[in-house]
Amino acid sequence: MNLSTAFNNAVSGLTASSRGTSVVSDNIANALTPGYSRRSLELTTNAISGTGVRTLGVVRNHDPVLTANRRETDANLAYQTAVSNFHTSVEGLVGTVDDPTSLANRLAAFDSSLITAASLPDSSERLDQVARTGRDLANSINEASEGVRQLRSDADRTIGRLVDSLNQTLKDIEQLNAKIPQVKHSGGDIGALLDQRQVLVDQVNALVPVNAVPRANDQISLYSDGGLILLDGTAAEFSFTTTGDTKPHITVGNGLLSGLEMNGNPVRTSGDNSQIRGGALMAQLEIRDELAVEAQANLDSVARDLIERFETPGLDPTALPTDPGLFTDAGTRFDVTAPEGLASRISLNTIVDPDNGGDSWRLRDGLGAVTPGDPGDATQLQAFGAVLSNTRPIAESPFGTGDMRASDLTEALMSRTGSDAHTASQRLAFANSAQLEMARIEAEQGVDTEQELQNLIEIEQAYAANARVISVVDELMETLLRL
């Protein structure tokens with residue numbers, strides 16, 4: 001090896017070391033940056049001179065399979081989080097065993113007040129207490145129904161926000177797809193743009209699970225698991241009209257709620273043929289169109305049973321067949337043609353409510369009584385109490401086909417909501433653990449700051465060695481010049 005060759009080798013080594021230092025510095029600086037993939041310097045032998053090294057470029061280390069697996073857990077976590085939050089909220093509305101304001105405990109308090117009043121029927125205080133506990137029971141059912149309605153309305157509004165975010169993010173990815181080849185062909189570094197695009201794809205994936213398919217010129221296409229083409233050259237555009245405040249009777253089926261569309265075509269969002277499977281958007285659609293509807297139907301079943309029990313023929317001899325019972329459908333008898341939202345309309349008959357101009361003595365003497373009767377006669381109060389404990393078939397019951405008491409129905413409702421909340425919480429815990437594990441595995445493939453520091457030490461040693469070679473060549477050249 002002559003001096004010229006040694007000098008050229010050392011200069012190429014210094015250049016590679018300088019570039020390597022920059023790469024390592026970027027890795028360490030962006031170790032915690034979302035979407036950042038570790039960079040490494042690709043070197044090769046100088047093919048022209050046959051000696052020294054030549055820098056081919058900076059390689060962005062990225063495992064698409066690992067990323068796809070992590071995205072699957074991300075989407076599932078987003079879905080399970082929304083569903084679990086919904087079931088937990090419904091459980092709070094219905095109440096638990098140890099909650100004195102739960103529907104089951106409100107019914108128990110009402111039943112107990114009837115027994116207490118029947119033991120001393122001439123006590124106006126005890127009759128007033130029956131009316132008040134009955135009103136509290138009806139109000140609790142109203143509040144639970146309103147809470148479910150609000151959850152459904154929140155889901156509808158959230159769908160609107162998610163659709164806007166989805167459209168904007170897809171448009172941003174489309175623009176990056178167009179920009180990346182331009183930067184690459186002009187000789188620029190596209191690593192940062194690829195990182196930015198990965199973050200945007202992750203955002204889309206949290207809403208709608210996607211498969212990213214590589215295309216020519218470092219571009220990608222996005223497809224949903226259900227077969228929707230979200231991005232293939234041009235980004236798809238989703239449309240959705242927010243209703244705002246929902247009502248129990250309005251659904252997508254009757255056209256009063258907006259469905260989801262893509263490029264003007266309806267998107268299937270339920271069943272085995274759903275085109276959106278998992279993710280936050282699917283969760284909110286499921287909450288609005290299925291889970292909240294089911295929760296409302298459960299509450300309506302409890303309200304219907306309560307109203308119909310006190311409309312039993314012969315229960316109150318003083319009432320006419322067309323008169324409402326102790327519990328009413330917004331002041332009237334139950335209308336079988338409009339069962340949706342009954343839980344929001346159930347109320348105590350004001351004729352017995354002392355706080356609303358009624359007379360509580362009618363609980364003892366009959367709702368249709370004109371004047372007070374025998375103050376010691378507890379027959380009617382006992383009949384009202386007995387009708388609660390009687391087993392009867394529940395029309396269109398979501399809790400089974402057997403005959404049930406009123407308390408059986410509220411306990412079944414409480415049990416179902418509690419079970420749903422517990423199951424959803426378990427699924428959320430599993431989804432969270434899976435996501436954390438996949439994120440950890442992906443992070444292991446990312447920037448290891450300790451390894452990067454070791455690489456930096458090796459680069460510094462290589463830099464010092466090449467610098468020493470240049471220094472020796474310089475000394476030899478000076479020696480030769482002095483000869």
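Note that the coordinates shown come from a computational prediction; the quantities given were computed from them, not determined experimentally.

K.L.:
Would you explain helix H2 (residues 64–94) in this entry?
P.N.:
Within an α-helix, residues lying three or four positions from one another point in the same direction, as the helix has 3.6 residues per turn. For H2, with 31 residues, the first-to-last C-alpha span of 45 Å sits near the 45 Å given by 1.5 Å per residue. Two residues or fewer past H2, Gly95 is found with a positive phi of approximately 100°.

K.L.:
Whenever I open this one, the environment of Arg149 confuses me. Can you help?
P.N.:
Among the structural elements, Arg149 can be located in helix H4 (residues 124–185). In this structure the C-alpha to C-alpha distance between Arg149 and Ile307, which are 158 residues apart in sequence, comes to 21 Å. Contact partners of Arg149, with chain neighbours within four places excluded, come to Asp245 and Thr246. Polar side-chain contacts of Arg149 include one of 3.0 Å to the backbone oxygen of Thr246.

K.L.:
In this structure, what is going on with the pattern of salt bridges? I would like to understand it.
P.N.:
Charged atoms that come close allow side chains of opposite charge to pair. For the coordinates displayed, the defined rule picks out 25 salt bridges. Among the ionic pairs, Arg70 bridges to Asp74, the shortest N-O distance being 2.7 Å. Of this pair, Arg70 and Asp74 both sit in helix H2, four residues apart, which is roughly one turn of that helix. The class for Arg70 is buried, based on a relative accessible area of 6%. The exposure class assigned to Asp74 is buried, which follows from its relative accessible area of 15%.

K.L.:
Which parts of the structure should I look at to understand the packing of helix H3 (residues 103–119) against helix H9 (residues 379–389)?
P.N.:
A pair of packed helices can be characterised by two numbers: the angle between their axes and the separation between those axes. Two numbers describe how H3 lies on H9: the axes approach to 9 Å, and their chain directions differ by 150°. Taken together, the axes of H3 and H9 are roughly antiparallel relative to one another. Judged by the sense of rotation from one axis to the other, the crossing of H3 with H9 is left-handed. Contacts between H3 and H9 pair Leu107, Phe110, Asp111, Leu114, Ala117 and Ala118 from the former with Leu381, Gln382, Phe384, Gly385 and Leu388 from the latter. Counted by class, the contact of H3 with H9 contains eight nonpolar, two polar and one charged residues.

K.L.:
Even after reading the chapter, I still don't get the packing of H2 against H4, so can you show me in this structure?
P.N.:
Contact geometry of H2 with H4 gives a least axis separation of 9 Å together with a crossing angle of 165°. Put simply, H2 runs roughly antiparallel to H4. Where H2 crosses over H4, the handedness of that crossing is right-handed. Mapping the contact onto sequence places Phe86, Ser89, Val90 and Leu93 in H2 and Glu143, Ala144, Gly147, Val148 and Leu151 in H4. Split into classes, the residues belonging to the contact of H2 with H4 amount to six nonpolar, two polar and one charged.

Calculation rules
- Residues numbered from 1 in each chain as written.
- Predicted model: local features only at pLDDT ≥ 70, side-chain atom pairs only at ≥ 80, totals over all residues.
- Heavy atoms only, no water.
- Helix = DSSP H or I, 4+ residues; strand = E, 2+ residues; numbered from the N terminus.
- Expected span 1.5 Å × (residues − 1).
- Contact = heavy atoms within 4.5 Å.
- Polar contact = N/O pair within 3.5 Å; in protein donor to acceptor, adjacent residues only side chain to side chain.
- Salt bridge = Lys/Arg side-chain N within 4 Å of Asp/Glu carboxyl O.
- Buried < 20%, exposed > 50% of the residue type's maximum accessible area, 1.4 Å probe, protein only.
- Axes fitted to C-alpha atoms, helices over the stretch in contact; angles between N-to-C directions.
- Parallel < 35°, antiparallel > 145°, perpendicular 65-115°, else oblique.
- Left-handed = near helix turned anticlockwise from the far one by under 90°.
- Nonpolar A, V, L, I, M, F, W, Y, C, P; charged D, E, K, R; others polar.

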